[in-house]
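Coordinate analysis (summary)
For reference, the chains in residue letters:
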Amino acid sequence: VVENNGNFRDFLLSKKAWVNEDLARIYGIEGITGEEFQEVELGENRAGLLTRLGFLTYQSSQRDPDPIHRGLFVNINVLCRNVPPAPDIELDELMLEGDTNRERVESVTHVGICQRCHLTMINPPGFALEGFDAIGEEREFDNGIPVDTTTTFTFADGAEATVSSGLELSEAVAENVDAHACYTTHFLEYVFGRSTFGGDSPLLYRMTQGSMEDMSIRDVLLEMVTSRTFRLRHGEEIAMETEMEESP
């Protein structure tokens, strides 16, 4: 994405991928042989990060996809959303019920205190990705039953997105300003080597607005390194270092 002067939406929606024969088989792409990686266009149900094998496999158990951890990743890492800690419940007390992976997850998270976070925030992104199994291969059935990927996800600002696939989820996330703000925040922290603070707000706002308008990742980086915050050090920071050096 960066080498082709792409932007954050491309990171979430690009259909370009590099595969060898083994990966092509899982992606359902024909005509690829050997170990050498080749550039391909993914199928109609694939897009960027959230439908790639690496992400999908990492957020799975050995047997089933893990909609809870897939959903948590979207909320925490892609949207920078504050997810409350899980209630103090003994996992052994939870009785999974249902014939499909989704039904079993719903049986223990859509009841009692758990539903407060799982119903509209944590589970929906994961359920939209139930069309991909534990290794990220597309599937239409789970235990002989048609997979249900339709769900409604509520963003932090109250906006709702009803989606029925990982692609539609990616498209909804790519249009939400929180995703762009989260991306620019992570980017600034990486480039500056520190956490953000109040003084970064004007720069973060410009970067987020630029990203919403499809500013390339390269130009977002340029916005950072040409900023006053990056080029100049605060007097308080220098004074603190001087005081530390002079202390016995």
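Notes on the structure follow.

Calculation notes
- Residues numbered from 1 in each chain as written.
- Predicted model: local features only at pLDDT ≥ 70, side-chain atom pairs only at ≥ 80, totals over all residues.
- Heavy atoms only, no water.
- Axes fitted to C-alpha atoms, helices over the stretch in contact; angles between N-to-C directions.
- Helix = DSSP H or I, 4+ residues; strand = E, 2+ residues; numbered from the N terminus.
- Contact = heavy atoms within 4.5 Å.
- Nonpolar A, V, L, I, M, F, W, Y, C, P; charged D, E, K, R; others polar.
- Core = buried A, V, L, I, M, F, W, Y, C linked by side-chain atoms within 4.5 Å.
- Buried < 20%, exposed > 50% of the residue type's maximum accessible area, 1.4 Å probe, protein only.
- 1 Å grid on protein atoms, 1.4 Å probe; cavity = no way out; pocket = protein on both sides within 12 Å on 5 of 7 lines; lining within 4 Å.
- Points joined across faces, edges and corners; volume = space filled by probe spheres on them.
- Salt bridge = Lys/Arg side-chain N within 4 Å of Asp/Glu carboxyl O.

Topic: the packing of helix H4 (residues 67-78) against helix H8 (residues 177-192)
Two elements in contact, H4 and H8, have axes whose closest approach is 9 Å; the angle formed by their N-to-C orientations is 65 degrees. Where H4 abuts H8, its residues Ile76, Asn77 and Val78 lie against Asp178, Ala179, Cys182 and His186. Here the residues of the contact of H4 with H8 are counted per class, giving 4 nonpolar, 2 polar and 1 charged.

Section: the nonpolar core
Counting residues in hydrophobic clusters, the biggest one holds 30 residues, and the most contacted among them are Leu79, Phe155, Leu169, Val173, Leu188 and Met224. Of all the secondary structure elements, the ones that give two or more residues to this core are helix H1 (8-13), helix H3 (53-58), H4, strand S6 (160-163), helix H7 (166-174), H8, helix H9 (201-212) and helix H10 (217-225). Counting 9 residues, the second-largest nonpolar core is a separate cluster that includes Val19, Ala24, Leu42 and Leu53.

Let's talk about the layout of surface pockets
Its volume calculated, the second largest pocket comes out at about 380 Å³. Every residue lining the second largest pocket is counted, 14 residues in all, and those nearest its centre are Val1, Asn4, Ser14, Lys16 and Arg52. If you list the elements that add at least two residues to the lining of the second largest pocket, you get H1 and strand S1 (16-19). In terms of residue class, the lining of the second largest pocket is built from 5 nonpolar, 4 polar and 5 charged.

A look at the pattern of salt bridges
Two side chains with opposite charge may pair up if their charged atoms get near one another. For the coordinates displayed, the defined rule picks out 13 salt bridges. Here Glu130 ties to Arg139 by a salt bridge, and the two come within 2.9 Å at their closest N and O atoms. Assessed through its relative accessible area of 2%, Glu130 is described here as buried. For Arg139, a relative accessible area of 16% puts it in the buried group. Taking the shortest distance from any N to any O, the salt bridge between Arg139 and Asp142 comes out at 3.7 Å. Asp142 carries the same exposure label as Arg139, and that label is buried. Each of Arg9, Glu175 and Asp214 takes part in salt bridges that share partners, so that together they form one network.

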